[in-house]
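If you want the building blocks of each chain, they are given just below.
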Amino acid sequence: MSKYPTRNWSEFFEWGRFGVPPINEPEHCAERVMANVDYYTGNYMWVLLIFAIYGIVLDIGGLFSAVVMFGAYFYLFISRSEPIAPFTWRQQNIGFLAGSVIFMYLAGGFILLQIMALGVAVVVLHAACRKRSMKSKANHVFDTATGTSVFPAFTAI
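None of these values were measured; they are calculated from a predicted model.

A closer look at the overall build of the protein
- Each helix and strand counted, the protein has 7 helices and 0 strands in total.
- Reading the protein from its N terminus to its C terminus gives the helix and strand order α-α-α-α-α-α-α.
- Taken over 157 residues, the protein has a buried fraction of 35%.
- A fraction of 77% describes how many contacts in the protein between residues 6 or more apart in sequence connect residues 24 or more apart.
- About 9900 Å² of surface is accessible on the protein, with carbon and sulfur atoms providing 72% of the total.

Below, the structure is given as structure tokens:
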């Protein structure tokens, strides 16, 4: 997880930095979510990993699905230096995500799918409610400018 460092957990859970997101300003809310996800990517990966492990323990079909998806992920993203032709990395990411959801549903890993959806909801809720720090704002601006943002498709918004 060196590409996405885990930030200090006390900073991640600093209760004084939470507040209701500005719902009447959707651009500001979206910017807050993107900045927080860019800055706390490593932390969010750990949160999702905890949800995944919990789901795998509850459902053996989820374990089977996770093993197959890990193999597919390894083949598509770790062992390859280029995306599978004629696709771009973004198209490959979207295809992997959609294929994973369909495969988990068909392979009986539906409980894991539901638990992972809950994990994603927790991540989005945290990202929306946590007020950005100067470090997270600067990090998001830098990542957007250098093209290393977690949200490359949304940087033009």
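Some points on helix α5 (residues 89-106)
- In this model α5 runs 25 Å from its N-terminal to its C-terminal C-alpha over 18 residues, within 8% of the 26 Å that 1.5 Å per residue would give.
- By the burial criterion, the buried members of α5 are Gln92, Ser100 and Met104. Mapping the buried residues of α5 onto a view down its axis gives an arc of 90°, with all of them on the same face. Opposite the buried face of α5, by more than 90 degrees, sit the exposed residues Ile102, Tyr105 and Leu106.
- Looking at the buried residues of α5, the elements they touch are α4 (60-78) and α6 (110-129).

So, the environment of leucine 112
- Tracing the chain through its elements places leucine 112 in helix α6.
- Taking relative accessible area as the criterion, leucine 112 reaches 3% and is therefore assigned buried.
- As a C-alpha pair, leucine 112 and glycine 61 span 51 residues in sequence and 8.3 Å in three-dimensional space.
- If near-sequence neighbours (up to four positions away) are discounted, leucine 112 is found in contact with Ala52, Gly55, Ile56, Asp59, Gly62 and Met104.

Quick notes on the packing of α5 against α6
- Orientation of α5 relative to α6, taken along the N-to-C sense of each, is 135°, at an axis distance of 7 Å. Between α5 and α6, the crossing angle belongs to the class labelled oblique. Residues Val101, Met104 and Tyr105 of α5 touch α6, and the partners they reach there are Phe110, Leu112 and Leu113.
- Along the lines of polarity and charge, the residues of the contact of α5 with α6 split into 6 nonpolar, no polar and no charged.

Regarding helix α3 (residues 41-58)
- In a regular helix each residue adds 1.5 Å, so 18 residues correspond to 26 Å; α3 covers 26 Å between its end C-alpha atoms and thus fits that length.
- Every buried residue belonging to α3 is among Thr41, Gly42, Asn43, Tyr44, Val47, Phe51, Ala52 and Gly55, and all of these are buried.
- On the buried face of α3, the contacting elements are α1 (9-12), α2 (26-39) and α6.

Some remarks on a nonpolar patch on the surface
- Taken together, the side chains of Trp9, Phe13, Trp15, Trp46, Leu49, Ile53 and Val57 present a nonpolar region at the surface, about 770 Å² in accessible area.
- For the nonpolar patch, the element with the highest residue contribution is α3, accounting for 4 residues.
- Looking at where valine 57 falls in the secondary structure, it is placed in helix α3.

Comments concerning the packing of aromatic side chains
- Tallied over the entire structure, the rule returns 13 aromatic pairs.
- Put simply, the rings of Trp9, Phe12, Phe13, Tyr39, Tyr40 and Tyr44 pair up and form one aromatic cluster.
- Arginine 7 extends its terminal NZ or CZ atom over the ring of tyrosine 39, reaching a point 4.1 Å from the ring centre.

Quick look at the pattern of salt bridges
- Going through the model one piece at a time under the given rule, you end up with 1 salt bridge.
- Between glutamate 14 and arginine 130 there is a salt bridge, with the nearest N and O atoms lying 3.9 Å from each other. Of this pair, glutamate 14 sits in the loop between α1 and α2 while arginine 130 sits in the loop between α6 and α7 (134-146), and the two are 116 residues apart along the sequence.
- Of the residues examined, glutamate 14 reaches a relative accessible area of 37% and is grouped as partly exposed.
- On the accessibility criterion, arginine 130 (1% relative accessible area) is buried.

What counts as what
Residues numbered from 1 in each chain as written. Predicted model: local features only at pLDDT ≥ 70, side-chain atom pairs only at ≥ 80, totals over all residues. Heavy atoms only, no water. Helix = DSSP H or I, 4+ residues; strand = E, 2+ residues; numbered from the N terminus. Buried < 20%, exposed > 50% of the residue type's maximum accessible area, 1.4 Å probe, protein only. Contact = heavy atoms within 4.5 Å. Areas by Shrake-Rupley, 256 points an atom, 1.4 Å probe, with all protein chains shown as cover. Expected span 1.5 Å × (residues − 1). Arc of directions from axis to C-beta. Axes fitted to C-alpha atoms, helices over the stretch in contact; angles between N-to-C directions. Parallel < 35°, antiparallel > 145°, perpendicular 65-115°, else oblique. Nonpolar A, V, L, I, M, F, W, Y, C, P; charged D, E, K, R; others polar. Patch = residues over 30% accessible without salt bridge, like charges linked within 9 Å, V, L, I, M, F, W, Y side chains within 5 Å. Salt bridge = Lys/Arg side-chain N within 4 Å of Asp/Glu carboxyl O. Phe/Tyr/Trp six-rings, centres within 6.5 Å; stacked < 30°, edge-to-face > 60°. Lys NZ or Arg CZ within 6 Å of the ring centre and 35° of its normal.

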